[in-house]
Amino acid sequence: MTISRRTAIKTMGLGAVAAGLPLASPAVAQGAAKVSFTTSWLPEGPNLFAYVARDKGFWKNAGLDVSVARGSGSNSAAQAVSAGTFDFGMAPTPTVIIQAARKLPITCIGQINYEVLMGVGVRADSPIRSPKDLEGKRLGASVTSGEYPFLPLYAAKAGFDLAKVQIIQLDGKVRERSLAEKQVDAVSAFATSTVPSLAPLGTDVRFMLFKSVGIDFYGQALTTQPQRLQRDAALCEAFVQGAMEAVKFTQTNVDESIDIFLKANSEVSISSTGKEYSRIGLGLVNLTNLVPELTDHGFGYSDPAKVSTMADFVMQYAAGEGATRPDLNALVTNRFAGKVKFTAEELAAARARSQQFQKYLV
């Protein structure tokens, strides 16, 4: 007899109660497990899938009742999940490695985005043409943003002196505006946040991506606590399954996905540029997700060799004193990956549809 995820979760919870054991999973009510999830930032392309998973019913079909909270930075989101403030979350894979190296309990259970698009953004008309030109300039940055710890690594690989750059600490919510209004000469940020925010307003941005100097990092991963993964594997599988169904849906049903996102986020929908902001943000994510990990292995899969290289960078440049290289086999799992895949026709259509967004990464 085949047991559904909903039944597995419900049975797991009832079994624990019958045995008189404490439940590690959220309460199960009316057949749906209530769980909490935090994004790593305000509503945007990389987290658009979460609103689709919730409001299109992918998580509901997996037996889950998921609340979605907005994050205030990748590091903050990872720390909140490790502390158990949220059952699940999302953060860039290198950010998770940093937190794990600092001995915080966190684990990746599915890859959402495959290129982090960390970098330094400048206005298209800026005289800054290379990383070396940043010396003597004002760089706006937010300490809670996921790319911030890797600025020293970028400087080392790009060949400029970070000590000669005037770093202006900014709240992430005003970072893009500060660049548009020329209060800073450049910003340290994610292209998936900055480009969709400024392009619809007529402010063209060029990004000097960390990837261009060999810092090839994955983007956002689904996260939870190791204890939850150990005790509630069925719950984690259901969560990942619903999320990956939604990620695929955002690739194959773009317009409907954007409509769902806008309905869920009124402050975006009422903006005159809200729809274009959403379209560009999702377009960049969809373009950069068409990589061999996903196309060959299915949604959610991460390459262990790439994760190991990321860990090398983290330990050398970003983890800090007292950090210990985490056990990557325990930190990143593919056990729930690959259950959702493109058909050949869907993949071809996704590739054709995404090419229009390549111009933002040139």
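Our subject is the structure that appears above.
Colleague: Let's hear about the side chain of R175: which residues, and what values?
Modeller: Here R175 shows up in helix α7 (residues 175-180). Residue R175 is classed as buried on the basis of its relative accessible area, which comes to 3%. At 3.3 Å, the side chain of R175 forms a polar contact with the backbone oxygen of S188. Sequence-distant contacts of R175, defined by excluding residues within four places in its chain, comprise W41, G140, S142, S145, E147, L170, V187, S188 and A189.

Colleague: Got a sec to walk through the layout of surface pockets? Specific residues and values, please.
Modeller: Here the largest pocket defines a volume of roughly 520 Å³. Lining the largest pocket are 20 residues; nearest its centre among them are L42, K173, E176, S197 and Y277. Elements with a minimum of two residues in the lining of the largest pocket: α7, α8 (191-198), α12 (266-269) and α13 (274-288). No other element matches α8, which puts 4 residues into the lining of the largest pocket. Grouping the constituent residues of the lining of the largest pocket by class yields 9 nonpolar, 6 polar and 5 charged.

Colleague: Tell me about helix α5 (residues 93-101), residues and numbers included.
Modeller: A turn of α-helix holds 3.6 residues, and therefore any two residues three or four places apart point the same way. Counting buried residues along α5, 9 of its 9 residues qualify, which places the element largely inside the surrounding structure. Burial in α5 covers these residues: T93, P94, T95, V96, I97, I98, Q99, A100 and A101. Count one or two residues on from α5 and you reach K103, which has phi positive near 75°.

Colleague: Explain the nonpolar core to me, using residue names and the numbers behind them.
Modeller: One finds F37, F49, W59, F150, F217 and L222 to be the most contacted residues of the largest nonpolar core, which totals 96 residues. Of the residues forming this core, the biggest block, 10 residues, is contributed by helix α10 (residues 233-252). Once residues lying within four places of it in the same chain are set aside, the contact partners of W59 are F37, A50, A53, R54, L64, V66, V68, A238, F239, G242 and A243.

Criteria and thresholds
Residues numbered from 1 in each chain as written. Predicted model: local features only at pLDDT ≥ 70, side-chain atom pairs only at ≥ 80, totals over all residues. Heavy atoms only, no water. Helix = DSSP H or I, 4+ residues; strand = E, 2+ residues; numbered from the N terminus. Buried < 20%, exposed > 50% of the residue type's maximum accessible area, 1.4 Å probe, protein only. Polar contact = N/O pair within 3.5 Å; in protein donor to acceptor, adjacent residues only side chain to side chain. Contact = heavy atoms within 4.5 Å. 1 Å grid on protein atoms, 1.4 Å probe; cavity = no way out; pocket = protein on both sides within 12 Å on 5 of 7 lines; lining within 4 Å. Points joined across faces, edges and corners; volume = space filled by probe spheres on them. Nonpolar A, V, L, I, M, F, W, Y, C, P; charged D, E, K, R; others polar. Core = buried A, V, L, I, M, F, W, Y, C linked by side-chain atoms within 4.5 Å.

Take it as geometry only, folks, not as evidence of what the structure does.
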